[in-house]
Amino acid sequence: VQLQASGGGLVQAGGSLRLSCVASGRTFSNYNMGWFRQAPGKEREFVASIVRTGGSTYYADSVKGRFTISRDNAKNTVYLQMNSLKPEDTAVYYCAADSLYPMRVTTIDYWGQGTQVTVSS
């Protein structure tokens, strides 16, 4: 699976961004999808995930209530709507595809290239 993420940028604290990740190469609906992030000097961490059908989602405590993950299997796309952004959300955001669930950094099948999100205070 090839994953192409987009939608990052610079936003003020309290603002919103919507990330998109388009998949190609294999059957999108066969994979659980997720978003991870990595801040400078820190390890990559889980943000959110969604199962194949879209019927169940899971969030890191740090983003719960602010971020929403969704997917459109007809468009081979997964989204991450990020609201009420904080400076600590600044990181490179990566989409990921995995046959396993829950999704873990060490067992991801496919990674996207990352998109930078910068939140200014």
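Take the state of the cysteines next. A complete count under the given rule lists one disulfide for this structure. Here Cys-21 engages in a disulfide with Cys-95; their sulfurs sit 2.1 Å apart. Torsion about the S-S bond of the Cys-21 and Cys-95 cystine: about 50 degrees, corresponding to right-handed handedness. Taken together, the residues Cys-21 in strand 3 (residues 17–24) and Cys-95 in strand 9 (residues 91–98) connect sequence positions 74 residues apart. The buried category is assigned to Cys-21, whose relative accessible area is 0%.

Evaluation of the coordinates by the stated rule reveals five aromatic pairs. Between Phe-36 and Phe-46, the ring centres sit 5.6 Å apart and the planes meet at 75 degrees, which makes this aromatic pair edge-to-face. Here the residue Phe-36 occupies a position in strand 4 (residues 32–38), and Phe-46 occupies one in strand 5 (residues 45–50), the gap between them amounting to ten residues. Ring geometry for Phe-36 against Trp-111: centres 5.1 Å apart, planes inclined by 75 degrees, an arrangement best described as edge-to-face. With a gap of 75 residues between them, Phe-36 in strand 4 and Trp-111 in strand 10 (residues 110–111) connect regions that are remote in the sequence. Through pairs of rings, three or more aromatic residues link up here, namely Phe-36, Phe-46, Tyr-58, Tyr-94 and Trp-111. Geometry around Tyr-94 places Arg-44 over its ring, the cationic atom sitting 3.6 Å from the centre.

Core analysis: the biggest nonpolar cluster contains 36 residues, and Trp-35, Leu-80, Met-82 and Tyr-93 have the highest contact counts within it. Elements represented by at least two residues in this core include exactly strand 1 (2–6), strand 3, strand 4, strand 5, strand 7 (67–72), strand 8 (77–82), strand 9 and strand 11 (115–120). The leading source of residues in this core is strand 9, at five residues.

The next thing to look at is the pattern of salt bridges. This structure, assessed with the given rule, holds four salt bridges. The salt bridge partner of Arg-37 is Asp-89, with a shortest N-O separation of 2.9 Å. A residue pair is termed long-range when its members are at least 10 positions apart, and Arg-37 in strand 4 and Asp-89 in the loop between strand 8 and strand 9 qualify at 52 residues. Considered together, Arg-37 and Asp-89 belong to a single accessibility category, that of buried residues. Here Arg-66 ties to Asp-89 by a salt bridge, and the two come within 2.7 Å at their closest N and O atoms. With Arg-66 in the loop between strand 6 (57–59) and strand 7 and Asp-89 in the loop between strand 8 and strand 9, this pair connects stretches of sequence that are 23 residues apart. By relative accessible area, Asp-89 is classed as buried at 1%. Shared partners join several salt bridges into a network, and the residues in it are Arg-37, Glu-45, Arg-66 and Asp-89.

Calculation criteria
- Residues numbered from 1 in each chain as written.
- Predicted model: local features only at pLDDT ≥ 70, side-chain atom pairs only at ≥ 80, totals over all residues.
- Heavy atoms only, no water.
- Disulfide = S-S within 2.5 Å.
- Helix = DSSP H or I, 4+ residues; strand = E, 2+ residues; numbered from the N terminus.
- Buried < 20%, exposed > 50% of the residue type's maximum accessible area, 1.4 Å probe, protein only.
- Phe/Tyr/Trp six-rings, centres within 6.5 Å; stacked < 30°, edge-to-face > 60°.
- Lys NZ or Arg CZ within 6 Å of the ring centre and 35° of its normal.
- Core = buried A, V, L, I, M, F, W, Y, C linked by side-chain atoms within 4.5 Å.
- Salt bridge = Lys/Arg side-chain N within 4 Å of Asp/Glu carboxyl O.

These figures capture arrangement, not role.
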